[in-house]
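# Breakdown of the fold
Below are the chains, spelled out letter by letter.
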Amino acid sequence: MYKKYHIWTIGCQMNVADSRQLASRLESLGLTEVAKAGEADVIVLNTCVVRQQPEDKARNRLNSLKPLKLSRGDNLVIALMGCMVGKKEAETLPDEFPFVDFFLEPSKPDLLVDFLRAKGGDALLPVAEDLEDYRLPDGEENAVCAFVPITLGCSHVCSYCVIPYRRGPDRSRAPEVILKEVRALAAQGVKEITLLGQIVDRYGMELEEWNLAKLLRAVCQVDGLARVRFMTSHPAYMDEELITAVAEEPKLCPYFELPFQAGNNRVLQEMRRGYTREEYIRIVKSIREKVPDAGINTDIIVGYPTESEEEFMDTYRLLEELRLDVAHIAKYSPRPRTLSSQQEDDIPGEEKERRRVMLDQLVESILSEKNGRYPGRTVEVLVESFQEKTGRWRGRIPQGNLVFVEADGAMPLAGELVQVAITWAGPYSMIGTLQEKGDETV
Ligand code: 5AD
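As a starting point, this report considers the structure included with it. These numbers were taken from a predicted model, which means no experiment stands behind them. (Residues numbered from 1 in each chain as written. Predicted model: local features only at pLDDT ≥ 70, side-chain atom pairs only at ≥ 80, totals over all residues. Heavy atoms only, no water.)

### Concerning the site of the ligand
For clarity, the threshold we go by: Summary of the distance rule: residues count as near a molecule or strand when at least one heavy atom falls within 4 Å of that molecule or strand. Polar contacts, as used here, are pairs of N or O atoms within 3.5 Å; protein pairs need one atom able to donate a hydrogen and one able to accept it. Residues neighboring in sequence count only if both atoms are side-chain atoms. Surface accessibility follows the Shrake-Rupley procedure with a 1.4 Å probe radius. Residue values consider only the protein chains on display as shielding. By definition, any uninterrupted DSSP run of H or I lasting at least four residues is a helix, any uninterrupted run of E lasting at least two residues is a strand, and each is numbered from the N terminus.
As a matter of local geometry, the ligand sits amid Val50, Arg51, Tyr160, Gln261, Asp299, Ile301, Ala330, Lys331, Tyr332, Ser333 and Arg335. Interatomic distance of 3.0 Å between a backbone N/O atom of tyrosine 160 and a nitrogen atom of the ligand. Protein chains bury 84% of the 400 Å² of accessible surface belonging to the ligand in isolation. Elements represented by at least two residues in the shell around the ligand include exactly strand S11 (295-302) and strand S12 (326-331).

Pasting the structure below:
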């Protein structure tokens with residue numbers, strides 16, 4: 001009855017992981033993927049509401065599907081998932097979107113599978129229950145990198161953030177289940193695993209004898225993997241044991257995602273972040289002492305309610321002082337039910353934009369300078385894919401920086417760890433030449 005599916009995804013890595021899980025499940029029911037929504041019997045939108053902009057995008061996309069549903073009726077299933085649905089919104093969304101057949105909360109792909117099986121009856125194949133059978137979906141069977149969620153939900157409740165209301169309190173997946181999934185991915189050729197959580201460092205809080213450092217060390221032992229990463233960290237939960245694990249485990253990349261959000265202590269307190277500027281600086285120092293060449297990414301919010309010019313400049317100066325690698329800079333956006341949404345969104349749009357652009361320019365100058373040290377050096381790149389447009393291979397160094405590799409039409413390189421001599425560096429990527437194997441990393 002249902003033969004073809006199409007999944008549209010926006011938002012964080014957790015959504016990307018959820019979509020891949022769902023695709024795998026749908027294929028075990030016998031469905032195949034199509035690139036165009038108009039050709040699918042099952043259309044799934046995986047949504048993000050962390051700011052107004054992605055939410056508007058998802059609503060527009062959803063509304064654009066209405067005519068399709070009206071013309072195809074029961075022959076088309078439209079499902080909405082992700083943070084737009086969350087744990088509770090399924091109660092109110094059907095009034096707004098009566099043409100949607102099914103609403104499913106984040107990280108619960110089986111709910112849609114059950115729904116389709118109930119509708120499709122015997123026409124659908126049995127679903128593989130065992131995660132050992134977890135198969136990468138078609139079209140992704142050569143994936144080099146994969147995300148594996150380990151901590152679901154979030155209990156920290158920052159004043160501005162809608163995620164806890166949509167994904168619920170945090171809970172850790174069982175280590176055996178995670179390791180099974182990682183082994184299944186490695187057996188299918190995946191070389192790099194990134195363990196995911198909204199606050200990934202809280203992994204194992206409710207499990208005896210497990211924490212993130214121990215889980216990462218166990219994942220590093222899985223045969224076939226070249227690299228392991230984890231994200232996103234929270235400064236109040238990252239500990240020395242974790243930093244030590246990164247320093248010691250050769251496969252654990254020297255790479256941290258550690259948002260500071262604001263560089264001023266009053267604003268940090270208003271945000272309920274649970275640390276001070278000084279504590280953040282101390283953690284970065286500790287990372288750099290133990291892992292000298294670490295890549296450290298951060299997120300920043302500008303224009304939080306009542307943030308003064310001077311307070312914003314504290315954020316600017318913190319980034320300038322710490323010289324972090326990349327910043328995702330977001331303009332504050334009030335979100336339903338959050339604490340800060342009770343306050344007036346009093347920083348005008350143009351002012352938020354001015355602050356964003358200032359930080360953006362600072363990031364660009366820091367990254368230009370930092371990447372400027374690479375030309376002439378040889379680095380290790382895990383190659384992910386080929387770029388038809390430029391004829392170069394695309395991959396990353398352990399610190400996360402993007403590298404395009406010129407290989408003179410050499411053998412397929414996807415999935416290979418190669419040595420690359422860097423010839424050019426810009427703020428957001430570098431170009432280099434493939435070296436003969438066996439070259440020393442400088
Ligand atoms: N407004 C703007 N940015 C936000 N983020 C989270 N909530 C909001 C909000 N209400 C940003 C944070 C977070 C990233 C995923 O999105 O910087 O780290």
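### Quick look at the side chain of glutamate 55
Note the cut-off: Burial status follows relative accessibility: with a 1.4 Å probe on protein chains alone, a residue under 20% of its type maximum counts as buried, one over 50% as exposed, and anything between as partly exposed. In what follows, residue pairs with any heavy atoms lying within 4.5 Å of each other are defined as contacts.
By the secondary structure assignment, glutamate 55 is in helix H2 (residues 52-64). Glutamate 55 sits in the buried class, given a relative accessible area of 9%. For glutamate 55, the side chain forms a polar contact with the side chain of arginine 335, separated by 2.9 Å. Excluding anything up to four places from it in sequence, glutamate 55 contacts Cys48, Val49 and Arg335.

### As for the nonpolar core
Grouped burial of nonpolar side chains is what soluble globular proteins tend to show. This is how it is decided: Nonpolar cores are built from buried Ala, Val, Leu, Ile, Met, Phe, Trp, Tyr and Cys residues. Side-chain atoms within 4.5 Å join them into one set.
The biggest cluster of nonpolar side chains holds 96 residues, and the ones touching the most others in it are Ile193 and Phe230. Discounting chain neighbours no more than four positions away, the residues touching isoleucine 193 are Ala146, Val148, Val182, Leu185, Val219, Leu225, Arg227, Val228 and Arg229. Counting residues in each nonpolar core, the second largest holds 19 residues, with Tyr2, Leu26, Leu29 and Leu112 among its members.

### Observations regarding helix H1 (residues 13-28)
Where we set the bar: Here a helix's expected span is defined as the number of its residues, less one, multiplied by 1.5 Å.
Compared with the 22 Å implied by 1.5 Å per residue over 16 residues, the 23 Å span of H1 between its first and last C-alpha is a close match. Counting buried positions over the 16 residues of H1 gives 13, a clear majority of the element. Two residues or fewer past H1, glycine 30 is found with a positive phi of approximately 100°.

### As for helix H9 (residues 240-248)
Filter applied, for reference: In this description, the arc belongs to the directions extending from the helix axis to the C-beta atoms.
Among the residues making up H9, those that are buried are Leu242, Ile243, Ala245 and Val246. Buried residues of H9, viewed axially, fall in a sector of 155°; they line one side. Those residues of H9 hidden inside the fold are in contact with helix H8 (212-220), strand S9 (227-231), strand S10 (255-257) and helix H11 (277-290).

### Regarding the pairing of strand S8 (residues 192-197)
Cut-off, in case you're wondering: Only when DSSP finds a minimum of two bridges between them are two strands counted as paired. By the criterion used throughout, a crossover qualifies as right-handed when its path from the first strand across the helix to the second strand runs clockwise, the strands pointing away from the viewer.
With six of six residues buried, S8 lies mostly within the body of the structure. Burial along S8 is two-sided: Glu192, Thr194 and Leu196 and Ile193, Leu195 and Gly197, pointing in opposite directions, are all buried. Pairing analysis gives six bridges linking strand S6 (residues 145-152) to S8, with the strands arranged parallel. Residue cysteine 145 lies in a different strand from S8, and its bridge partner there is glutamate 192. Of the strand pairs in this sheet, S8 and S9 are connected by five bridges, and their pairing is parallel. From the neighbouring strand, threonine 194 faces S9, where its bridge partner is arginine 229. What joins S8 to S9 is H8, and the crossover it makes is right-handed.

### As for the pairing of strand S14 (residues 392-396)
With burial as the criterion, only one face of S14 is covered, namely that bearing Trp393 and Gly395; the residues Arg392, Arg394 and Arg396 on the opposite face remain uncovered. Note: strand S13 (residues 378-387) against S14, five bridges, orientation antiparallel. Paired with serine 385 across the bridge in S14 is arginine 394. Where S13 folds back on S14, the antiparallel hairpin that results is connected by four residues, among which glycine 391 adopts a positive phi of roughly 70°.

### Notes on the packing of H9 against H11
Under the convention used in this document: A fitted line through C-alpha atoms represents every axis, and for helices the fit uses only the stretch in contact; the resulting angles, taken between N-to-C directions, go from 0 to 180 degrees. The cut-offs work like this: below 35 degrees is roughly parallel, past 145 is roughly antiparallel, 65 to 115 is roughly perpendicular, and the gaps in between are oblique. In this scheme the handedness of a crossing depends on how the near helix is turned from the far one: anticlockwise by less than a right angle means left-handed, clockwise means right-handed. Each residue receives one of three labels: charged for Asp, Glu, Lys and Arg, nonpolar for Ala, Val, Leu, Ile, Met, Phe, Trp, Tyr, Cys and Pro, and polar for the others, Gly being one of them.
Packing of H9 against H11 brings their axes to within 9 Å, and their N-to-C directions diverge by 30°. When the axis of H9 is compared with that of H11, the two are roughly parallel. For the crossing formed where H9 meets H11, the hand is right-handed. Taken together, the residues of H11 that come into contact with H9 (itself represented by Glu240, Ile243, Thr244 and Ala247) are Ser286, Ile287 and Lys290. In terms of residue class, the contact of H9 with H11 is built from three nonpolar, two polar and two charged.

What is shown is where atoms sit, not what they do.
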